[in-house]
Each structure stands twice: as structure tokens, then as C-alpha cells.
Amino acid sequence: RYEPTWGSLDARPLPAWFDEAKFGVFIHWGVFSVPSFGSEWFWWYWQKEKREPYVKFMEANYPPGFSYEDFGPLFTAEFFDPNQWADILKASGAKYVVLTSKHHEGFTLWGSKYSWNWNAVDVGPKRDLVAELAASVRNRTDLRFGLYHSLFEWFNRLFLEDATNAFKTRKFPSSKSLPELYELVTKYQPEIIWSDGDGNAPDTYWNSTGFLAWLYNDSPVRDTVVTNDRWGVGSICSHGGFYTCSDRYNPGHLLAHKWENCMTIDRSSWGYRRDARLGDYLAIEDLVKQLAETVSCGGNLLMNIGPTHDGRIAVVFEERLRQVGAWLKVNGEAIYGTKPWRAQNDTVTPGVWYTFSPKEGKVNAIFLNWPGSGTLELGEPRAKLGETQVKLAGYKELLKWVALGEKGMIIDLPQLTPQQLPCQWGWTLQLTDIN
């Protein structure tokens, strides 16, 4: 049994499924999807920081005295079709999904009895959005279902009172945050608890170790659940399950501890933005690059989309997810279930990232640029004459190669028209019998 101490909790082995999964989809959805302007931090930027674009936006478009709470009934979700969402998630090739059950605004996407009249069952959609998506994901896909939960709430009076008392009082976590977490786990049995938003309070204020000890010892998901590292000031990148370290974290080198790169397709927001332009969205080439870099360095990629207030996954997000899925159909063996190799990227040719498939004993070289010369030089592999074989994922015939002394090889790529290429944005060489 795990003790409610970091020493004990950090010793828990991470359930193997998480490292094997490699790729998940993050969904930021909530009342912030109604103004869908600037960022999901809309309420804070408008009311607390009084940033000019937000203040002007409200003055120009809403009557005087309009409050953030007035956005609640406008979060309508009339086009939310959880089966359609599940089908898009499945098509993306993702192995898990993480939904924001509650962001820093405090609005819960389920009918929480600890969030009276500020939840999706009492206000707005009048639906339990968490339950609906969980059911569709579990019925139609093999994805693991996870939930994001913000510990703190920007404008909750109990939290502000505790903060004023320098967190010596614990009214907010004991009456709101912790009961919600227990409710979420008991009711929906998520296999990821993605915690966030420590509100500058230590983990002792949140009683994070107490909750995690229950989660790992006695909860209905104790054997399979994974958690992140955002459990109070000082815990990020040092305590909990997998490390996130920071948003859009992509170190570019191997880490000793399992980590996750959570990033957004929209470069500047996690929530949906009506004012976004095409250039604000990462192209599929960027996403494939992020996936290859992240997995080669031992991480998982959690790719975020922001649905609209009426429950649609915008076409640009759907297209990106389906494109990643199409890429993974060809190159998935170089991603799923792989381990980092002794080298992460190539020393001679830039834009080449390595992974290792332990079951097949294959080294995968994912290269992001198709060379004009028709040959690819790799500086890392030690090839063996008559033994080493090189294949291009999605192409039947073996490729010719020559060794370069002790280390390195030059590979002849097949001469293919653009239509004949197995995929369009990054390719995988599978090398067997490499020293």
C-alpha cells in the first residue's frame, strides 16, 4: 500500500499502457468557449488583468453589466455528438483522450453536487457532457478515457479567503476541490487524472498526497490510472506520475523520467478562438515533427483541440487529427510501443529521429525531409554486410545501402512519384540487424 508521502507515491511504477500509447488528444471545452476570443483565460484577462483587447471586446459586443456568469446559459452544446467526437478521436490514431472536466473558471462539465448551478447539467447544455463522452469513447474506440481537473478556481470566494490567510485555512480544498476529484473518479473511473492549476498553494494545502494514496490504493482505477505532476507548488517536474514540466514542453533530448509534451494545434490558445487565422494553426508537417521528436526522446504527445460552444470540433482540427491518423496508419510501428534508442537524432543528417521497437528488434529512423539526391545518409547506425536489412514503411521492397566504415550508412531511396509515396509528411526507415 502507498503512504500519503511523495517518497512512497513516486515509487509507484507507471502503468505500462501509458508509455506504450505515445499519443493522446487533449480537449479544452467550457464556458470560455462562448466568448471564444483571445484565450481560455478570458475571464482572468478581462476581469482581473483588465487587458485592453478583452475589455474592448466586451464593451463593443455585450451590454453594460454583463458578467462572465452570463456566458453560462450561452454554452449550449446543441451540436455536441459524442459518437462523432469518438469517431474523430479514433481516426486520429490517438490511444487516449483527456477532457477538461473543470478549468480554472470552476464550471464543471458534469452535474457536480459541489458546483451548484455552475455546471453543465444545471446551466447551458443541461447534459452530463463527461458521462456522454466517456460512454461514446468506451463503446466505439479502444482509447483510454482521461480527465483534466483544475485544483484552483480564479474567483471562488473560499479559495480567495484561503489565499488571503496564506493557505493556513483549507476551506476550498476540503469543501470543493477534493470532493470533486473523489466524485469524478468514483463516477467516471478515468484512467488519467490530469491535474492543473495549483493557485500558488503547496501540495499540503491541496492534500494531494492523501488523494493520490487513495487513488493508488483503493479507487476503482487503482491498477491502471496514471497521473501527472501538477499537484501543488514545487511538485511539477519532480513528483506524481509522468512529468509535464511546462506547457508545450519538448526538451529535444532523452529524459530519465517518463514525460508528456502537452501542446496545442492553435499556437496561442487551448480553447477555441473565433478570431484565429489559418497561420495560427500548426500544419500537419509541424505535428508529425513534434510527434517524432517527442517519442524519440521518451515522451508522449498530448495534442490539444478546442471545440466550439455549440459542441463542434472545427473542421481544421478534425482535418489535422485525421491527417495524423493517416500518417500513423503507415508509420505507427515507429511510434506505438517503442523505446528510445541509444541515439535520439542523427548526427549527420538533420531532421532524422530514432525509435526502437523491442519486440521486432528494429531501429526506426523517421526522416522529415525527402532528399533531392535520392539517397539518405545516416551517421548513427552500425550496419552489418549481408545481415542488415532496410525497409521503407509502406513500401514492399528492401532498399539498397552501403556502409560507411565503423559507423554510418548511405541508403538508396526508391524513385517514387509523389502519388506513389507511402505518405506525405515524414517517412520511416526500418533497420533490422543493426549492431
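Residues numbered from 1 in each chain as written. Predicted model: local features only at pLDDT ≥ 70, side-chain atom pairs only at ≥ 80, totals over all residues. Heavy atoms only, no water.

**Quick notes on the UniProt feature "domain: Glycoside hydrolase family 29 N-terminal" (unreviewed entry) in the chain**
For step 1, the next point in the chain: The UniProt entry lists residues 1–333 under the feature "domain: Glycoside hydrolase family 29 N-terminal" (unreviewed entry), expressed in the numbering used here.
For step 2, the next point in the chain: For residues 1–333, helix accounts for 36% and strand for 12%, while the C-alpha atoms at its two ends are 36 Å apart. (UniProt positions renumbered as here; feature names shortened; annotations may be inferred. Helix = DSSP H or I, 4+ residues; strand = E, 2+ residues; numbered from the N terminus.)

**Examining the domain arrangement of the chain**
For step 1, the next point in the chain: One can read the domain layout of the chain as domain 1 (6–334) and domain 2 (339–432).
For step 2, the next point in the chain: Computed over C-alpha atoms only, the centres of domain 1 and domain 2 are separated by 36 Å.
For step 3, the next point in the chain: With both chains or domains summed, domain 1 and domain 2 bury close to 1700 Å², and 65% of this area falls on carbon and sulfur atoms.
For step 4, the next point in the chain: Along the contact surface separating domain 1 from domain 2 lie 2 salt bridges.
For step 5, the next point in the chain: For Asp-19, the salt bridge is made with Lys-339, and the minimal N-O distance between the two is 2.8 Å.
For step 6, the next point in the chain: Secondary structure elements with two or more residues in the side of domain 1 that touches domain 2: α11 (284–296) and α12 (315–331).
For step 7, the next point in the chain: Grouping the constituent residues of the side of domain 1 that touches domain 2 by class yields 9 nonpolar, 5 polar and 5 charged. (Domains from an automatic or database assignment. Buried area = accessible area lost by both parts, 1.4 Å probe. Salt bridge = Lys/Arg side-chain N within 4 Å of Asp/Glu carboxyl O. Nonpolar A, V, L, I, M, F, W, Y, C, P; charged D, E, K, R; others polar.)

**Notes on the nonpolar core**
For step 1, the next point in the chain: Counting residues in hydrophobic clusters, the biggest one holds 124 residues, and the most contacted among them are Leu-378, Ile-411 and Leu-429.
For step 2, the next point in the chain: In this structure, Leu-429 is in contact with Val-363, Asn-364, Ala-365, Phe-367, Leu-376, Leu-378, Val-390, Lys-391, Leu-392, Leu-399, Ile-411 and Leu-413, ignoring residues within four places of it in sequence.
For step 3, the next point in the chain: In terms of nonpolar packing, the next biggest core, distinct from the first, is built from 14 residues, Phe-18, Ala-21, Phe-26 and Tyr-96 among them. (Core = buried A, V, L, I, M, F, W, Y, C linked by side-chain atoms within 4.5 Å. Buried < 20%, exposed > 50% of the residue type's maximum accessible area, 1.4 Å probe, protein only. Contact = heavy atoms within 4.5 Å.)

**Observations regarding the environment of Ser-115**
For step 1, the next point in the chain: Inspection of the secondary structure puts Ser-115 in the loop between β2 (96–102) and α6 (129–140).
For step 2, the next point in the chain: Take Ser-115: its relative accessible area is 4%, and that puts it in the buried class.
For step 3, the next point in the chain: In the structure, Ser-115 is positioned 199 residues away from Ala-314 in sequence and 29 Å away in space, judged by C-alpha atoms.
For step 4, the next point in the chain: Excluding anything up to four places from it in sequence, Ser-115 contacts Gly-106, Thr-108, Lys-176 and Glu-180.
For step 5, the next point in the chain: Among the polar contacts listed, one links the side chain of Ser-115 to the backbone oxygen of Trp-118, at a separation of 2.9 Å. (Polar contact = N/O pair within 3.5 Å; in protein donor to acceptor, adjacent residues only side chain to side chain.)

**Thoughts on the packing of aromatic side chains**
For step 1, the next point in the chain: All chains considered together, the criterion is met by 54 aromatic pairs.
For step 2, the next point in the chain: Geometrically, the ring pair formed by Phe-26 and Trp-270 is edge-to-face, given 5.9 Å between the ring centres and 80 degrees between the ring planes. Here the residue Phe-26 occupies a position in strand β1 (residues 23–27), and Trp-270 occupies one in the loop between β6 (259–264) and α11, the gap between them amounting to 244 residues. The same class applies to Phe-26 and to Trp-270, which are both buried.
For step 3, the next point in the chain: Relative to Phe-57, the ring of Phe-37 has its centre 4.2 Å away and its plane inclined at 10 degrees; by these criteria the two rings are stacked. Of this pair, Phe-37 sits in the loop between β1 and α3 (42–48) while Phe-57 sits in helix α4 (residues 52–61), and the two are 20 residues apart along the sequence.
For step 4, the next point in the chain: Taking the relative accessible area as the measure of exposure, Phe-57 reaches 13% and is therefore buried.
For step 5, the next point in the chain: Taking NZ or CZ as reference, Lys-95 lies 4.5 Å from the ring centre of Tyr-336, over its face. (Phe/Tyr/Trp six-rings, centres within 6.5 Å; stacked < 30°, edge-to-face > 60°. Lys NZ or Arg CZ within 6 Å of the ring centre and 35° of its normal.)

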